[in-house]
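Here are the chains, one letter per residue:
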Amino acid sequence: MSGSDLFTGTLDILILRTVSASPLHGYAIGKALRDGSEGVLSVEEGALYPALHRLERKGLLGAEWGRTETGRRAKFYRITAAGVAHLDAEATRWAEYSGAVTAILGRTSR
Amino acid sequence: MSPWPFRRALPPGAVRSDDSEIREEIELYIELRAEELVREGVPPEEARELAERRFGDVARIEAELRRGGRAGGWERGRRAMGALGRDVAYALRTFRRSPGFVAVAVLTLGVAVGGNTAIFSVVDAALVQALPFPRHDGLVVLEGYQNVNGEKAVRWASAPEFRDWRERSRTVSLMAAVGQPTLTLTGDGQAERVDGEVVSEDYFRILGVDAAVGRTFTEEEQATPDAHPVAVISWSLWQRRYAGDRSVVGRTIQVDERPFTVVGVLPRGFQGVSLAADVFLPMSMISVPYGSGILQSRGARFLTVIGHLANGATPSAAQAELNRIARDLATEYPDTHQGRGCLIQTFRDFYLGATLGSSLGTSASTTARLLWVLLGAGAVLLLIAAANVANLLLVRAHARNREIVVRRALGAGAGRLARQLLTESLVLALLGGVVGLALGAWGLSLLVRFTPDGVLPAYATPTLNPRVFAYSLAMLAGAGVLAGLAPAVAGVRVQIADGLREGGWGAVSGGGARRLWGGHVFVVLQVALALALLTGAGLLVRSVRAQMAVNPGIDLDGLVAFRVSLPRTRYPSRGDITSFSRELLGRVREIPGVRAASLSSSLPFRGGNTGTFVHTDRDLGTPVRVWYHLVSPATLQTLGARLRSGRFINEGDASGAPAVTVISEAMAKRAFPGENPLGHEIYLGRDSTTSNGAEVVGVLDDVRYRNLTEDLMAAANSPDVYYSLLQIPSRTLEVAVRVAGDPAAAIPSLRKVVAALDPSLPVYQANPLVDDWRAQTARPRFAAFLMAVFSGLAAVLACVGIYGVLAFSVGRRSREIAVRRAVGASASNVAWNVVEDGLRLAMAGLVLGVLLALVGGRVLRGLLFGVGTMDPVTLASVVGLMAAVAVASAVVPAWRAARRDPAEALNTE
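Predicted model only: the values in this text are computed from it and were never measured.

Thresholds applied
Residues numbered from 1 in each chain as written. Chains lettered and ligands numbered in written order. Predicted model: local features only at pLDDT ≥ 70, side-chain atom pairs only at ≥ 80, totals over all residues. Heavy atoms only, no water. Helix = DSSP H or I, 4+ residues; strand = E, 2+ residues; numbered from the N terminus. Buried < 20%, exposed > 50% of the residue type's maximum accessible area, 1.4 Å probe, protein only. Contact = heavy atoms within 4.5 Å. Areas by Shrake-Rupley, 256 points an atom, 1.4 Å probe, with all protein chains shown as cover. Pairing = 2+ DSSP bridges. Axes fitted to C-alpha atoms, helices over the stretch in contact; angles between N-to-C directions. pLDDT = per-residue confidence, 0-100. Patch = residues over 30% accessible without salt bridge, like charges linked within 9 Å, V, L, I, M, F, W, Y side chains within 5 Å. Salt bridge = Lys/Arg side-chain N within 4 Å of Asp/Glu carboxyl O. Parallel < 35°, antiparallel > 145°, perpendicular 65-115°, else oblique. Left-handed = near helix turned anticlockwise from the far one by under 90°. Nonpolar A, V, L, I, M, F, W, Y, C, P; charged D, E, K, R; others polar. Expected span 1.5 Å × (residues − 1).

### A look at the overall build of chain B
In step 1: The helix and strand tally for chain B stands at 29 helices and 24 strands.
In step 2: In chain B, which comprises 909 residues, the share counted as buried stands at 53%.
In step 3: The long-range share in chain B, meaning contacts at least 24 apart out of those at least 6 apart in sequence, stands at 79%.
In step 4: When the accessible area of chain B is evaluated, it comes to approximately 38200 Å², of which 58% is carbon and sulfur surface.

Structure (structure tokens):
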């Protein structure tokens, strides 16, 4: 299964969460997701970019071009106020979901 | 660069996201990712490639970003294809995890599709495939018949009758007559009996056939009687007897001991309208097989007539016109045309009907209907299989509920999930289709090999052609969608909200209840349909058994028969025939193991019956139509027929002695109701004269000469009368021999005896009489067999369905069962409960099935003998059988439930 199908909603939350501390360029966001989720979300790493652009269009993310530590030109994404509000709401909902999912998985594994 | 040329027309700045920026962004990612990989130890030369691969389809993602996330048409298609590919790959992966499920589902579909493929190719061959003639649009067969008490009783037309039809009809533009004698080929090689056709002018023109080598008959050859002994032969005879030698054209061959010049060879595959002829003679030479004068006799009916409808004429208009012509002829020639008619049929109907060989006109539709019934049974089997697979998918979907709930929760769309499930069933269907076609091809080869002659029209050769493939594919696709829709719908129904509210199990058990209900519906349907099919099979089997139980009036055990035909040229006189007959009988009786032997003009189930009219001294004015048989004295003992009263024909009833006759019981009841017929006189012919009288000296129990099913007392059916062969000789002789031991083993010595008497006299139709008897039931046995196979498979599938649902529910309720065990329920209690569940499940199906069977049984009306369509015995036994199947299906789940260790079951929770 491709990431985009399975995790459309989830990926958005994770991205918003990742850039909520400080603006990051695409590679850094991807690496953070990979490191944080033990590789689960990295079936097709490029799927990250459509999500970034979508969030940018929706106004949940802002973006500007800047320089990395090594001086390369890169597009940095930062969370907007709308993004923060969305993250809040979704995180709450997600906690409920995952609670239910965990309950099911926990109770029925053989 | 852009694949979308229209974008160049946009003003600068209107482009949403700069192409180069997108590329730069992705390029940076891949560079950094490659560096990361190098740090992890990947060789630098491989790092970049690996980074790109991890990134995914760069071009696709780039394109998607360029369009601001909305996929374009081409891209969308590509993505859908990608998704389809992923769905298929995913389906195959999940199948690998459950090979048992896949095997059952694929086999189920395969068997059903295979059965349908085989039966459809038979239907296709009989009802759709082109007939073996270059053209048959507008071609009709005109059959003369005799109206006997409202039924069309006899076939054939006389030559004058044919000429009248041809001259008077406007709706049939061309007409030709065909006589179908059996001919003897001698001279070049072994004596051989072949099927022949004596054809009138226009015969080959109507059929659109020309000679492959040489020519057909000229007008001059057809015009002058007995002046042009010419013949045309079939391709197959040319290959078989003359090794395909082209010089056979112009050669002289001996046909019925007369020289004929071969003028042509017909194209490959063409064997005349009889579909069996090897030698064709012009009508002008009719006297060779039939004797002279036959073309002038209005009473000599032996011709089949074919014709071509005039432009714009319909078969029904032609039928109306010929009805009128027949009425006119009856007025003009009341003696010979009273009650005569002409039936017009298309070629296909003619052949479908001819194979059944019984009452004219109704048989074609009967044959077709039997085939449709079998095709319908195949479709029902496919429905059952689809229900079975649907059930399997449902049970599986239930087992996968957790996966589905999690995936829904993680954001997978309902459509996406449904598509995934549907893909799974279509992949299953495809696998089933492959298995099905293989099974179908195999089944068809068996069917073709074991289908007895006469079951299908002679032209029908079932093959796997594109039409059959299309049908199988359509059936398969239908089954795949039917089977796949149910679980797809059920899978989508899983409500996450429920799951949240009820904290997990709610979603599973709530949805589960609905889906299980779906499973129950499928099992009920399966049981019902299987029961209906079993009923059909039961009825057909009982019908066959009833036919085989009919008393033929003779003792078939140890009887063997063959036929010889004495040619006019070498046996011109009555004396020649009589002395040959006497000599033949004497030598046959000397063969060791022969207990009795007799001669007659016809034998039961072997055709060659002759019909005529007689009247009696009791009622001179009422002619009775009868079948008459010429028999030698020993016929009674040889056949094992039973004399009811009086005596049988004996040696004393020779030429010169007073003419005698023995009549059948049916004749006695019809012509002499409530009287002793012995001593009465019977006169040949339908006029009320008292010439040609013969005294009734005996009454014989009815012998079934023509078929097993007709009611001998029905007004439309003619009874049998017997005359002495010593008083009326016959050139065509049936030799019946009763032997001790295997009748087939006696055939070589019988052939030797004939060869010793006359080496150029062919022996034909040599076989045990029981074979001819068996051929009578070939078609119903064929239908009953196919139906039994279909319904047997249906029962097995229903069994699998019941088993699936029970096993599933036992598995799901293991905790409940364990608790019950823990509080004191015994193992047998638990097991019995499961069996009860199975029976309850089956009960609804049985009730519905009985209703279906009662309604559906009506399609068998007219196809059954000795059993009604609502036969209670059949229904009861079929219901019992299905109930037993239900119990049997419950045994394994019940055993499993009883065996489960309560402690273990509780601990796993």
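### A look at the sheet that holds strand 2 (residues 61–67) of chain A
In step 1: Taken in spatial order, the 3 strands line up as 1-3-2 (chain A) in an open sheet, and their pairing is antiparallel. Only two strands of the sheet have a single neighbouring strand rather than two, namely strand 1 (24–25) and strand 2 of chain A.
In step 2: Of the pairings in the sheet, the one linking strand 2 of chain A to strand 3 (residues 73–79) of chain A comprises 7 bridges and is antiparallel in character. What sits directly across from A:Gly62, in strand 3 of chain A, is A:Arg78.
In step 3: Each of strand 1, strand 2 and strand 3 of chain A touches helix 1 (residues 19–39) of chain B; the most contacted strand, strand 3 of chain A, lies at about 95 degrees to it.

### Some remarks on the environment of A:Leu60
Residues and elements named next belong to chain A.
In step 1: By the element assignment, Leu60 lies in the loop between helix 4 (48–58) and strand 2.
In step 2: Taking C-alpha positions, Leu60 is 7.7 Å from His86, a pair spaced 26 residues apart along the chain.
In step 3: If we ignore the near neighbours within four places in the chain, the residues touching Leu60 are Leu16, Leu55, Arg78, Ile79, Thr80, Ala82, Gly83 and His86.

### Notes on unusual backbone geometry
Residue and element names in this part refer to chain B.
In step 1: Not every positive phi belongs to a glycine, and Leu275 is a case in point at roughly 65 degrees.
In step 2: Take Leu275: it is sitting in the loop between strand 10 (258–265) and strand 11 (279–282).
In step 3: Under the relative-accessibility criterion, Leu275 is labelled buried at 15%.
In step 4: At Gln765, a position not held by glycine, the phi torsion is positive, near 50 degrees.
In step 5: Looking at the element boundaries, Gln765 is found in strand 24 (residues 764–768).

### Topic: the confidence of the model for chain B
Residues and elements named next belong to chain B.
In step 1: Residues with a pLDDT of 70 or more make up 88% of chain B, whose mean pLDDT is 83.
In step 2: Below pLDDT 50 for its whole length, residues 1–16 participates in 10 contacts with residues either more than four positions away or in separate chains.
In step 3: Between residues 355–362, whose pLDDT stays under 50, and residues either more than four places distant or in other chains, the model counts 20 contacts.

### Points about the confidence of the model for chain A
In step 1: This prediction gives chain A a mean pLDDT of 77; 78% of its residues lie at or above 70.
In step 2: Taken together, the stretch residues 1–7 of chain A has pLDDT below 50 and engages in 17 contacts with residues farther than four places along the chain or on a different chain.

### Regarding a nonpolar patch on the surface
Residues and elements named next belong to chain B.
In step 1: Nonpolar side chains collect at one region of the surface, where Val521, Leu525, Met843, Val847, Leu848, Leu851 and Leu852 lie side by side and expose about 560 Å² of accessible area between them.
In step 2: Elements represented by at least two residues in the nonpolar patch include exactly helix 19 (505–549) and helix 27 (827–856).
In step 3: The element that contributes the greatest number of residues to the nonpolar patch is helix 27, accounting for 5 residues.
In step 4: Looking at the element boundaries, Leu525 is found in helix 19.

### Some remarks on helix 3 (residues 58–66) of chain B
In step 1: Of all 9 residues making up helix 3 of chain B, 7 are buried, and the element is well covered by its neighbours.
In step 2: Where helix 3 of chain B is concerned, the buried positions are B:Arg60, B:Ile61, B:Glu62, B:Ala63, B:Glu64, B:Leu65 and B:Arg66.

### Let's talk about the packing of helix 6 (residues 159–168) of chain B against helix 11 (residues 315–332) of chain B
Residues and elements named next belong to chain B.
In step 1: The contact between helix 6 and helix 11 brings their axes to 11 Å, and the two run at 125 degrees. In terms of orientation, helix 6 lies oblique with respect to helix 11. Crossing hand, helix 6 versus helix 11: right-handed. Residues Asp164, Trp165 and Arg168 of helix 6 form the contact with helix 11, whose own contacting residues are Glu321, Leu322, Ile325, Asp328, Leu329 and Glu332.
In step 2: Along the lines of polarity and charge, the residues of the contact of helix 6 with helix 11 split into 4 nonpolar, no polar and 5 charged.

### Some remarks on helix 1 of chain B
All names here are of chain B.
In step 1: Along its 21 residues, helix 1 runs 31 Å from first to last C-alpha, staying within 8% of the 30 Å computed at 1.5 Å per residue.
In step 2: Those residues of helix 1 that sit buried are Ile22, Glu25, Ile26, Leu28, Tyr29, Ile30, Leu32, Arg33, Ala34, Glu36 and Leu37.
In step 3: Positive backbone phi, approximately 110 degrees, marks Gly41, located one or two places after helix 1.

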